[in-house]
Amino acid sequence: MTGTREAPGPRGHWFWGSLRERRSESLPFLLRMHREYGDVAQWRMGPVNRVLSLVNPEHVKHVLVEHVGRYTKGVGAQRLSAMLGNGLLTSEGDFWKRQRRLAQPAFHLERLVPLVRVMEEEGRYMLERWRTRPDPSAPLDLAQEMARTTLSIASRALFSTQVMDEADRVLPALTVAQQEVNGRVLSLLPLPLGLPTPGNRAFVRARQTLDAVVFDIIARRRSGETRGQDLLAMLMEARDADTGEGMTDGQLRDELMTLFIAGYETTANALAWTWSLLSEHPEVEEQARAEVAQVLGERVPTAEDVPRLRYLSQVLEESMRLHPPAWVMVRQALEEDALDGFRIPASPRLIVAISPWVIHRQPSLWPEPERFNPERFSPERSAGRPRLAYLPFGAGQRHCIGQRFAMMEMVLLLAQVLRRYRLRRVPGWRAEQEPLVALRPKGGVPMHLEPLTSP
Ligand code: HEM
């Protein structure tokens, strides 16, 4: 397929293109490009690299669903693989297909139901930690609290082990690794890891620490010292249909690290943004709390309660519309393609960007896009909206494998906290978006907790 025209966009600086504007005002820059140039916009990032950005759900469907074979994840995945290796998020082709097939059953509903107990328990431990903290009047960083809890849930669900037992080792290593991965993914030309720069050395050390933790988990399971009906068990039992071989320790490491990192930070950020939005919209918070009281009362929540907490799901959906943790997905064309007559050349120098953050703010799809209104996701209001107008979990064959897991976990944690606390933002604090690999609230989400009942 060929296109005849270059997609429109700014000329930019003769050498840097639009790199500086894109860096200094990142998200608003993306919105502006589409306001000024339409559904397909293109700009230069430095002398040779270009970005072609799409917002029309039909165009998104073309790339992610209908012609998925024409695109790879390209440079974005290569840079993430410094940390994640060749796991589900970063692998391609037949290898990805096989690994996805092996991992998929672990995310079926019947395998997730027993995990509700783990999620509920970790939520309870978190509330207990809050209740017994030395200074209950001091603000608490909800972003950090959510990360701690989703990390604990991910590690128990994936390998029936509490990595937080080694929090002193694991947390600093994760922070360094994520900072470096963010730097590498966002950099124009990251330095090869072999160069002994301070950043590279810190990253390699952090990765070694995390590898040691994961390889130790694998070794203890292989020796029979630990057991578990978890994802690790499923991946270890899986056999290649052609060769009959199981996964090597290296492959297991890559899949576990991927699920662990892809699974906890996204979920933590979505929850942190939700608390920030609820604190700004007390009427929504009260409606959500009323639903929890009506559906759960004081009962321990079960898997059956999750679909009944419908308004809570809508709150989360609307929160991820405004603040999708995976704010951009990138692809690279493997063969020449075209959209609306615009050329999409097959070149490693051209990144095709699909940003849920921008798509979720298109006024033609979302009237009054900046307004937080969970009613948008009521069944009536959702009917008739193009499916790919909303894609916080991606779309097509590479869509998020953990979507159901994440929704379950978030609904349960939201319900547990709403039942015990009203959260009030610290005066003067304003939520600011930091678009790293995941969309984070810059500087965390400091909140005052007002207890509702004595637990
Ligand atoms: C709110 C939480 C989450 C969000 C917003 C999210 C978002 C996404 C998105 C947008 C993609 C597609 C990326 C692309 O097409 O380039 C993706 C893929 C993926 N996610 Fe999630 N995710 C979340 C939670 C989770 C959880 C809990 C897990 C695992 C336990 C997980 C594991 C993965 C994996 C393995 C992939 C790659 C799938 C593949 O390519 O086959 N995610 N996620």
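This structure is a prediction, so every number in the text was calculated from the model and none was measured.

For the rest of this paragraph, the subject is the packing of aromatic side chains. Within this structure, the stated rule accounts for 9 aromatic pairs. With a centroid separation of 5.0 Å and 85° between ring planes, the pair formed by F15 and W16 is classed as edge-to-face. Accessibility expressed as a relative area gives 31% for F15, which makes it partly exposed. On the basis of relative accessibility, which here comes to 33%, the residue W16 falls in the partly exposed class. Ring geometry for F29 against W43: centres 5.1 Å apart, planes inclined by 90°, an arrangement best described as edge-to-face. Residue F29 is found in helix α1 (residues 19–37), and its partner W43 is found in strand β1 (residues 40–45); the two are separated by 14 residues along the sequence. On the basis of relative accessibility, which here comes to 1%, the residue F29 falls in the buried class.

Okay, the UniProt feature "binding site: heme" (unreviewed entry) in the protein next. Mapped onto this numbering, the UniProt entry annotates "binding site: heme" (unreviewed entry) at C400. Secondary-structure assignment places C400 in the loop between α16 (379–382) and α17 (403–420). Sequence-distant contacts of C400, defined by excluding residues within four places in its chain, comprise R100 and F393.

The full set close to the ligand counts 27 residues, and W96, R100, R331, R398 and C400 are the nearest of them. A distance of 2.8 Å is found between an oxygen atom of the ligand and a side-chain nitrogen or oxygen belonging to R100. Note that an oxygen atom of the ligand is positioned 2.7 Å from one of the side-chain N or O atoms of R331. Taken together, the elements giving at least two residues each to the shell around the ligand come down to α4 (93–103), α11 (249–280), β5 (329–333) and α17. With 5 residues, α11 is the largest single contributor of residues to the shell around the ligand. Across the shell around the ligand, the residue classes tally to 17 nonpolar, 6 polar and 4 charged.

We now examine the pairing of strand β2 (residues 49–54). Note on strand geometry: in a regular strand, side chains alternate between the two faces of the sheet. By the criterion of burial, β2 is predominantly enclosed, with 5 of the 6 residues buried. By the bridge criterion, 6 bridges tie β1 to β2 in an arrangement that is antiparallel. Within β2, the residue paired with W43 across the bridge is V51. Two successive antiparallel strands, β1 and β2, enclose a turn made up of 3 residues, where G46 displays a positive phi of approximately 80°. Where β2 lies against strand β8 (residues 350–354), 5 bridges are found, and the strand directions are parallel. Opposite R50, over in β8, you have L350 as the bridge partner.

Let us look at the pairing of β8. β8 sits mainly inside the fold: 4 of its 5 residues count as buried. The pairing of β5 with β8 spans 3 bridges and is antiparallel. Bridge assignment links M329 to a residue of β8, and that residue is I354.

Cut-offs and rules
Residues numbered from 1 in each chain as written. Predicted model: local features only at pLDDT ≥ 70, side-chain atom pairs only at ≥ 80, totals over all residues. Heavy atoms only, no water. Phe/Tyr/Trp six-rings, centres within 6.5 Å; stacked < 30°, edge-to-face > 60°. Buried < 20%, exposed > 50% of the residue type's maximum accessible area, 1.4 Å probe, protein only. Helix = DSSP H or I, 4+ residues; strand = E, 2+ residues; numbered from the N terminus. UniProt positions renumbered as here; feature names shortened; annotations may be inferred. Contact = heavy atoms within 4.5 Å. Near = heavy atom within 4 Å. Polar contact = N/O pair within 3.5 Å; in protein donor to acceptor, adjacent residues only side chain to side chain. Nonpolar A, V, L, I, M, F, W, Y, C, P; charged D, E, K, R; others polar. Pairing = 2+ DSSP bridges.

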